[in-house]
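Residue strings, one per chain:
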Amino acid sequence: MSDQPIIQVRDLHISIDMDEGTLTPVRGVSFEIHPGETLGLVGESGCGKSLTSKAILGINEKKCHARGEILFRDGEDRVTDMLKLDPRGKAIRAIRGSQISMIFQEPMVAFSPMYTIGNQINECTRLHITKDKKESKAITLEMMKKVGIANAEKRYDQFPHEFSGGMLQRALIAMALVCRPRLLIADEPTTALDVTIQAQILELMQELQKELGMAILFITHDLGTVAKMCDRVAVMYLGRIVETGTAREIYRNPQHPYTRGLMNSVHKIGTRKLDRLFSIEGTVPLALNLKDGCGFFDRCGERTEGICDLKEPELYCLGGTHCAACVRCREEVTGGA
Amino acid sequence: MREASEKPVILRVSHITKRFVSKGICVHAVTDVSFDVRKGETIGIVGESGCGKTTLGRCIVRAIEATEGEIQYVGMDGRTYDLLGLKKDEMKKIRKEIQMIFQDPYSSLDPRMTVIDIIGEPLKANYPRMPKAELEEKVIRMAEKVGLNTTYLKRYPHAFSGGQRQRIGTARALILNPQLIVCDEAVSALDVSIQAQIINLLKDLQRELDLTYIFISHDLSVVEHISDRVGVMYLGRLVEFGDTEKLFTRPCHPYTEALLSSVPVADPDIRNERIPLMGEIPNPANPPSGCYFHERCRYCRKKCTEEVPVLREVDGRQVACHFAEELQLRGFDYEM
Amino acid sequence: MTRADRKTLRAIKKAEKAKKKEEKYYLASQWQLMARKLGRHKLARVSMVILGFLYLVALFGDFLAPYSLTAYDADAKDMPPTPIHFMYGDEFIGPYVFPSKWETLKMSVAEMSRAKKEAAERGETFSTRQIVTDETSPQKLQWLVHGSPYRILGIFESDIHLFGVEKGKIFLFGSDNLGRDLFSRIILGGQVSLTIPFAGTLLSFVLGLLIGSISGYFGGWVDNVIQRIIEVLNSLPSLPLWMALSAAIPAGIPPVRMYLLITVILSLIGWTGLARVVRGKFMSLKNEDYILAARLAGVSDMKIILKHMVPGFMSYLIVNLTLGIPSMIIGETSMSFLGLGIQAPATSWGVLLKEAQNVTNIVSHPWCLIPLFFVVLTVLAFNFLGDGMRDAADPYK
C-alpha cells in the first residue's frame, strides 16, 4: 500500500449567497487522509463539517460555491480534483459510490420505502461492479452477511420498515461498502442510534476497515465515539480547523481553548464529579459578515485584546502532527526556538 | 447526597402501567413501574429508545393517563394527594407544582408568541387577575434567573438559539414556583458546549429553589453527572433502581452492565471491553415470556424464561433479576 | 474632519443600520415575516399588482365604463373594436374616432355578383351589410362626460363617466349582437365575477373552519360522521348539483339577491376541502410540544384552541383560501356559462363567454373571446399569489 494520501483537501472555502449577505460556513479547511486511516472531523452544529464532507462528493446544494482543491487519488494512482468535475457529470458519478461512498445519520431516510433492501444495495453493485444478475446478487448477499445481517437471504427481500434502526444502519453500511471504496465518509453514522447499537456499529466499522483497508472520514460531534474510532482528529469551529493531531495528542494535551472547553464540558463517567461542568460562554455565531480576528474571540476565556481580534490565527505546529490555530501556540513555538 | 436519603418522599409511583391499544394491537409501553422520589433530589431515568421512559414521564405529569397504578404526591401544603384520581379543580392546583421541560427547544415554544408572553402564559392562566405590571416584573425576574438577556423579551422565539430557547422553556416551567420538574431529554438536542450550560443552570436552580428533578435521558454520562439516584428501564419495565454511584460501579442487572459497557469514553487510551447484547430489542406489542431481557442475556437460565422477576431490594438498591445476588457484574472504575 | 474619520463614521452608521435591521427581524411577528417573504416572491408581487388593478377597476366600474348594462344600439350590432386615431389629415387633434354604423348596400343583382367575385379574388367574403365610417366628422374623445346615472359604491349618485363621444359610439372591445359595448360589460361583469368568489370563499371559510375544528378537536365518532358527510358531498357530481340548487332559486328575483344565492350555492359545496385542511392541521398541532406545555401550565382548552391552534393554522388557511378563489371564479363562470347563473340584464364574465359559445360566432367576431382573457388572467394571478403565500406560510422553516 502506498503511503500517498487518498484524499487531500487544500484550502477549501464554501460560501452561500443569501439575501442578508454571504454566508461562509467553511473558510480554508485543509486535511489529508492516508489509506487505512480514520480521521475524525469534530465540531458542533454549524461548524461546517457536513458541508466539507459533502463537498468531497460534490453533493452540496447548488447555491454552495466551493473553492480550493480536493485531490482524490484513485486505485490506479491517478489524481483528480473533485471540485473541477461537473457535479452531475459522468466522471464524478464513476467515483461516487464506487471509490468514495458515504453513510448518513438517519438510516430511515437513506432508503426508499418502495423497494426492498436487497434491491437497493444491489443497485449499487450492478452499477459499478457487474451487470450479471446472479453474480451481483451473490456479491450483495456476501456483503450483507459481512455487516452482520443474519438471515441475509430472507432479509434481501424485506422492505426498510421491516428493519430496526440498527439493522438499517448495517444495511446502509453494506450499500456503502459493496463496491469496496477507498474512502468512506461517515456523517454522524451513530448519532440517531441507541448506545448499545452504536457500540455495535462502531465495532463493525472498525472490523470492516481492517478487512477492506479503506480510509474513513468520520464526522461527529460526539467526543466519545471519536476517541474510540479515530487515529487522527481535526476539531472544527466556525468553518476552520482549529486544532489537529493524533487522537492521543488531542485528548491528552488539547491546546486550543475551544478544544479544551469542549473536552471539559463533557462529563466522563468514573471521574470525580465536579459540582459544575465547565461550559463555554455564549453561542456559536452565524458565519455571516464575520469580523477580522479569531472566530472564537468572543467566547474565549484566554483572549488577549489587541492580538486575537486583529487577525485570524493560522495553524501553528507544536511538533509532530499536532497543530493548533491559536496565537498562544505561536508564542510557544517561537519562544521555544 | 447523603442528606438526601433523610429527606421526605414527595412522589411515590406504584405499579404504573400504560398500554396503548390501536387497531387491535396492544403495546405495553410501561409495565408495573414503582419508585419513589425524595424532595430535592434528582432521579435519572435511562434506557434506550422505546423503553417507555418518555411515556412514564408523561404519566407522572398526567399528559397521558396511566392504565393502571397509583401515584401519591405530597403537595407543597403538606397534604398527600392521589395524583391519578384528582378532580379537575384539584388537578389545576397541583399542576402548578409539577412542571415539565421538553426535549426539542424548537417545537416546545409557540413561534407566534413573544418570549414575555410564553414565560408569562402559565401565570396568566392560573392568576387571571394579576395586574400586568406585576406579571411582567415576575417574568423579568425569572428570565434573569435563567440567564436570559431581559432586553430581548419582546422578541419572538426565532431570534434565539437552541440553548437560549431551552432557557426560555425552563423559565416557563419555573414561573409557577413548582417543586417537581420532569425533564424529558432536556439537553439531548443541544450541542455539547451548550449542554453543559443548561446542566449547570438546572443544578444552580435546584440548589436555589429546592427543586426535585426527574431527569429522563438516553445519555448515560449526563445522567451520571446530574442524578442522585438512577432508574434503568428496559422494554417498559424498571430493571434496576438505586444510588447513582453504586449502580455505575457495580451494576446488579445484566442489562445495566451491557448498557454501561457500551458507553463510549472520551479517552483514546481506555478501550473498555463491550459486553455484546444478543439479538435486538423485542417488539413491545409482543414481549417475551418470563424476564423481558432473557433472550439477550448472557446469564440466562431456565427460570428466567418462565418467571417474571419482581423488583426487590439487593445490595442497597432495587433490581429485577432472579440472580442478582450471584452475578458479579462489571461497571465503571471510579477514580477517587 | 479627515477623510478617514468620515470613513469610520460611515462604517459605524452602516453597522448601526444593519443592527437595526436585524433587531426588526427579531421583533417581527409571524405575519410580518410572512409579508416579508411574500414580498420576495416576484410572481406573487406582480400578481398582487394585477389583482389590485382589476379590483380597483371593478370598484369604480360604473365610472370607467362608458355605457350602462342596459344600453344597446340596434344600429351597432357586432361591431369590431373601434379604431382610435390621433392624426386627422396632417393635423394632430388628440384621440378621436369616426362614427360608424352598419348599412345595407343598395345595388343591383349584377353589381352584387361582380362585387362578390372581386371579393373572392381578394380572398374576402362579400356581404351586403357593411360598416360605413363617416370620415368627415371626427369625434374627439371627451373626458368626464355625463351619461347614464349610477351609484358609486352604492352610495354616491353620479352620472359622470370617464370618457365618451358625443356622436356615434365607442366600442374599445367591439360590441355584441344586441349592440352592447363589450368593454363596459367586461368591467361591469367583473364586478360580479370578482366579488362572488370572494364572498363565497369567505362563507366556506367560516363553514370549513367551524366544521373542521369540531371534527379535529372532538375526534372519535363526531369526526367520523363529519368525514363521511364530506365524502358524500365530494362524491356528488357538481354539475347536476348546481342545476338542482339553482332550480331551487325562484325566478324573477332581483340580480343582487341572485348574486347572493349563487354565492351560497358555491360555498355550500366548497367548504369540504377547507374543513379537511383544518382538521388535519388541528390533529398535527395537537401533538406539538408547546400545546402540551400550555396544557400543563393550566391553560383552558378553549384558550389553547384560540391562542395556539387557530393562529397556528391560520396562515395555511389563508393560502388555501387564495388557492380556492380561482376554482370559485371558474365555478361562477361555468354556472353562468350554462345559463344557471346571473340572468340578463346583469352580467358576468361567464355570461359574456356564453355568447362566444358558437364557433361561427368566434370566427366572425373574435373579440367576443376577450372576457376569456380576463378570466385566465385573474385565475393565474390568484394561483401565483397563492403559490407565493404557500412559500411564505411557514416563515420559521
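Everything here concerns the structure above.
Per chain, residues are indexed from 1 in the order of the written sequence. Both sets of labels track the order of writing: A upward for chains, 1 upward for ligands. Residue-level local features of this predicted model are given only where pLDDT is at least 70; pairs of side-chain atoms are given and counted only at 80 or more, and the full residue set underlies all totals for whole chains, interfaces and linings. As a rule here, side-chain values come from all non-hydrogen atoms in the structure, and water together with hydrogens is ignored.

A. Just the overall build of chain A, in detail. The helix and strand labels rest on DSSP assignments: H or I over at least four residues marks a helix, E over at least two residues marks a strand, and numbering proceeds from the N terminus. A tally of regular secondary structure across chain A gives 12 helices and 12 strands. For chain A, whose C-alpha radius of gyration is 21 Å, the value lies close to the compact-globule estimate of 20 Å for 337 residues. Viewed in the frame of its principal axes, chain A has a C-alpha envelope of about 70 × 50 × 45 Å. Each residue is placed in one exposure class: buried if its accessible area under a 1.4 Å probe, protein chains only, is under 20% of its type's maximum, exposed if it is over 50%, and partly exposed if it falls in between. Each of the 337 residues in chain A was classed as buried or not, and the buried ones make up 54%. Any pair of residues with heavy atoms lying within 4.5 Å of one another is described as a contacting pair. Considering only contacts in chain A between residues 6 or more positions apart, those separated by 24 or more positions represent 64%. Computed with the Shrake-Rupley method and a 1.4 Å probe, the accessible areas treat only the protein chains shown as cover for residues. Just so you have it, chain A exposes about 15,300 Å², and 50% of that area is on carbon and sulfur atoms. The positive count covers Lys and Arg only, the negative count covers Asp and Glu only, and His and the chain ends enter neither. By convention, charge coordinates are those of NZ in Lys, CZ in Arg, CG in Asp, or CD in Glu. Averaged over its 43 positive side-chain charges, chain A has a centre that lies 4 Å from the centre of its 44 negative ones. A radius of gyration in this sense is built from C-alpha atoms; the matching globule rule multiplies 2.2 Å by the number of residues raised to 0.38.

B. A look at the environment of Gln103 of chain B. All names here are of chain B. Mapped onto the fold, Gln103 is located in the loop between strand 6 (98-101) and helix 3 (115-126). The class for Gln103 is partly exposed, based on a relative accessible area of 35%. A C-alpha to C-alpha distance of 19 Å links Gln103 and Leu148, two positions 45 residues apart in sequence. Leave out the neighbours within four places in its chain, and Gln103 touches Gln166, Asp184, Glu185, Ala186, Ser188 and Ala189.

C. Expanded view of unusual backbone geometry. A positive phi angle, near 50°, is found at Glu188 of chain A, a position not held by glycine. With respect to the helices, strands and loops of the structure, Glu188 of chain A is situated in the loop between strand 7 (183-187) and helix 8 (195-212). For Glu188 of chain A, a relative accessible area of 8% corresponds to the buried category. Notably, Leu235 of chain B is not glycine yet its phi reads approximately 50°, a positive angle. Assignment of secondary structure puts Leu235 of chain B in the loop between strand 9 (229-234) and strand 10 (237-243). Looking at Leu235 of chain B, the relative accessible area reads 4%, which means it is buried.

D. Just the packing of aromatic side chains, in detail. Residues and elements named next belong to chain B. When two rings of Phe, Tyr or Trp (its six-membered ring) have centres within 6.5 Å they constitute a pair, described as stacked for plane angles under 30 degrees, edge-to-face for angles over 60, and tilted for the intermediate range. By the definition in use, this model includes 14 aromatic pairs over all chains. Aromatic side chains Phe35 and Phe241 sit 5.4 Å apart centroid to centroid with 35° between the ring planes, which places their arrangement in the tilted category. Of this pair, Phe35 sits in strand 2 (residues 25-38) while Phe241 is found in strand 10, placing the two residues 206 residues apart along the sequence. Using a relative accessible area of 4% as the deciding quantity, one classes Phe35 as buried.

E. Region of the structure containing the state of the cysteines. Residues and elements named next belong to chain A. The disulfide criterion used throughout: a pair of cysteine sulfur atoms within 2.5 Å. If you walk through the whole model with that rule in mind, you get one disulfide over all chains. Free cysteine: Cys47, not disulfide-bonded; nearest cysteine sulfur from Cys230 at 14 Å. Just so you know, Cys294 is unpaired, no disulfide at all, and the nearest cysteine sulfur is the one on Cys308, 6.1 Å from it.

F. Highlighting the sheet that holds strand 2 of chain B. Residues and elements named next belong to chain B. Spatially, 2-1-4-5 is the arrangement adopted by the four strands of the open sheet, whose pairing is antiparallel. With one partner strand each, in any of the chains shown, strand 2 and strand 5 (80-82) form the two edges of the open sheet. In this sheet, adjacent strand axes meet at a mean angle of 20° when their direction is disregarded. Note on pairing: two strands pair once DSSP finds at least 2 bridges between them. One ladder, built from three bridges, connects strand 4 (residues 68-74) with strand 5; its direction is antiparallel. In this analysis, axes come from line fits to C-alpha atoms, helices being fitted only over the stretch in contact, and the angle between any two N-to-C directions falls in the range 0 to 180 degrees.

G. Representation of the nonpolar core. Only buried residues count toward a nonpolar core, which is a set of Ala, Val, Leu, Ile, Met, Phe, Trp, Tyr and Cys residues joined through side-chain atoms within 4.5 Å. The biggest cluster of nonpolar side chains holds 77 residues, and the ones touching the most others in it are Leu220 and Phe248 of chain B. With seven residues, helix 6 (residues 192-209) of chain B is the single largest residue contributor to this core. In contact with Leu220 of chain B, other than residues within four places in its own chain, are Val195 and Ile269 of chain A together with Val46, Phe248, Leu259, Leu260 and Val263 of chain B. In terms of nonpolar packing, the next biggest core, distinct from the first, is built from 64 residues, Ala152, Leu193, Met205 and Val226 of chain A among them.

H. Representation of the packing of helix 4 (residues 117-128) of chain A against helix 5 (residues 133-146) of chain A in the model. Residues and elements named next belong to chain A. Remark: helix 4 packs on helix 5, axes separated minimally by 9 Å, with the N-to-C direction vectors making an angle of 115°. As for the relative orientation of helix 4 and helix 5, their crossing is right-handed in sense. Each of Ile117, Gly118, Ile121, Asn122, Thr125 and Arg126 in helix 4 lies in contact with helix 5, whose residues at this interface are Lys133, Ser136, Lys137, Ile139, Thr140 and Met144. The residue classification treats Ala, Val, Leu, Ile, Met, Phe, Trp, Tyr, Cys and Pro as nonpolar and Asp, Glu, Lys and Arg as charged. All others, Gly included, are polar. The class makeup of the residues in the contact of helix 4 with helix 5 is four nonpolar, five polar and three charged. Left-handed describes a crossing in which the near helix is turned anticlockwise from the far one by less than a right angle; the clockwise case is right-handed.

I. Spatial organisation of the pairing of strand 1 (residues 85-88) of chain C. Residue and element names in this part refer to chain C. Examined bridge by bridge, strand 1 and strand 2 (residues 91-97) share three bridges and lie antiparallel to one another. Within strand 2, the residue paired with Tyr88 across the bridge is Glu91. Hairpin remark: strand 1 followed by strand 2, antiparallel, with two residues in the connecting loop; positive phi at Gly89, about 65°.

J. Quick look at the interface of chain B and chain A. Contacts between the two partners involve 40 residues from chain B, matched on the other side by 46 residues from chain A. By salt bridge we mean one thing: a side-chain nitrogen of Lys or Arg within 4 Å of a carboxyl oxygen of Asp or Glu. Where chain B packs against chain A, one counts one salt bridge. Here Asp204 of chain B ties to Arg276 of chain A by a salt bridge, and the two come within 2.5 Å at their closest N and O atoms. The term polar contact refers here to a pair of N or O atoms within 3.5 Å; inside protein, the definition further demands a hydrogen-donor-capable atom paired with an acceptor-capable atom, and it admits residues adjacent in sequence only when both atoms are side-chain atoms. Our count for the contact surface shared by chain B and chain A stands at 10 residue pairs in polar contact (both at pLDDT 80 or more). Across the side of chain B that touches chain A, the residue classes tally to 17 nonpolar, 10 polar and 13 charged.

K. Molecular detail of the pattern of salt bridges. Counted by the stated rule, this structure contains 44 salt bridges over all chains. Arg240 of chain A is the partner of Glu312 of chain A in a salt bridge, and the nearest nitrogen-oxygen pair spans 3.6 Å. A residue pair is termed long-range when its members are at least 10 positions apart, and Glu312 of chain A in the loop between helix 11 (257-264) and strand 11 (316-317) and Arg240 of chain A in strand 10 (residues 240-246) qualify at 72 residues. Of the residues examined, Arg240 of chain A reaches a relative accessible area of 22% and is grouped as partly exposed. One salt bridge connects Glu65 of chain B with Arg62 of chain B, and the closest N-O pair in it is separated by 3.2 Å. Judged by relative accessible area, which is 12%, Arg62 of chain B ranks as buried. Several salt bridges converge on common partners, so that one network encompasses Glu142, Lys146, Arg180 and Glu211 of chain A.

L. Structural detail: helix 6 (residues 182-218) of chain C. Residues and elements named next belong to chain C. A rise of 1.5 Å per residue sets the reference length of helix 6, with its 37 residues, at 54 Å; its end C-alpha atoms lie 53 Å apart and thus fit the reference within 8%. Within helix 6, the axis deviates most sharply at Gly189, by approximately 25°. One side-chain oxygen at the N-terminal end of helix 6 lies 3.3 Å from the backbone nitrogen of Phe183; it belongs to Asp181. Working rule for helices: expected span equals 1.5 Å times residues minus one. A residue's bend is given by the angle between axes fitted to the 7 residues ending at it and the 7 residues starting at it.

M. Representation of the sheet that holds strand 7 (residues 180-184) of chain B in the model. Residues and elements named next belong to chain B. Taken in spatial order, the eight strands make up an open sheet running 6-7-8-3-9-10-12-11, and their pairing is mixed. Of all the strands in the sheet, the pair left with one neighbour each is strand 6 and strand 11 (312-314). With strand direction ignored, the average angle separating the axes of adjacent strands in the sheet is 25°. In the sheet, strand 3 (residues 42-46) pairs with strand 9 via four bridges, with the strands oriented parallel. In the strand pairing of strand 9, Ile43 is matched with Arg229. Here helix 5 (residues 162-174) sits on the sheet and contacts strand 6 and strand 7; the angle it forms with strand 6, its principal contact strand, is near 175°. On the sheet, helix 6 packs against strand 3, strand 6 and strand 8 (212-217) and is oriented at approximately 160° with respect to strand 8.

N. Inspection of the packing of helix 2 (residues 30-39) of chain C against helix 14 (residues 370-392) of chain C at higher detail. Residues and elements named next belong to chain C. Their axes nearest at 8 Å, the elements helix 2 and helix 14 cross at an angle of 130°. With respect to helix 14, the element helix 2 is oriented oblique. The two elements helix 2 and helix 14 meet at a crossing, and its hand is right-handed. The residues of helix 14 that touch helix 2, namely those facing Met34, Lys37 and Leu38, are Leu385, Gly388, Met389, Asp391 and Ala392. Comment on the angle field: the value is read as roughly parallel under 35 degrees, roughly antiparallel over 145, roughly perpendicular from 65 to 115, and oblique elsewhere.

O. A look at helix 4 (residues 132-145) of chain B. Residues and elements named next belong to chain B. When the terminal C-alpha atoms of helix 4 are compared, their 20 Å separation across 14 residues agrees well with the 20 Å that a helix rising 1.5 Å per residue should span. Of the residues making up helix 4, those classed as buried are Leu135, Val139, Met142 and Ala143. Take helix 4 and look down its axis: the buried residues cluster within an arc of 105°, on one side only. Following helix 4 by one or two positions, Gly147 has its phi on the positive side, about 80°. What the arc measures is the spread of directions leading from the helix axis to the C-beta atoms.

P. Spotlight on a positive patch on the surface. Residues Lys92 and Lys124 of chain B together with Lys303 and Lys307 of chain C make up a contiguous surface patch of positive charge. Mapped onto the elements of the fold, Lys124 of chain B is located in helix 3. With relative accessibility at 42%, the residue Lys124 of chain B sits in the partly exposed group. Each patch is assembled from residues with relative accessible area greater than 30% and no salt bridge, linking like charges that lie within 9 Å and nonpolar side chains (Val, Leu, Ile, Met, Phe, Trp, Tyr) that lie within 5 Å.

Q. Broad picture of the side chain of Gln197 of chain B. Position of Gln197 of chain B among the secondary structure elements: in helix 6. Residue classification places Gln197 of chain B among the buried positions, given a relative accessible area of 11%. Looking at Gln197 of chain B, its side chain comes within polar contact range of the main-chain oxygen of Ile280 of chain A, at 2.5 Å. Not counting chain neighbours up to four residues away, the residues in contact with Gln197 of chain B comprise Ser279, Ile280, Glu281, Gly282 and Arg299 of chain A together with Arg167 of chain B.

Note that all results are geometric; they support no functional claim without further evidence.
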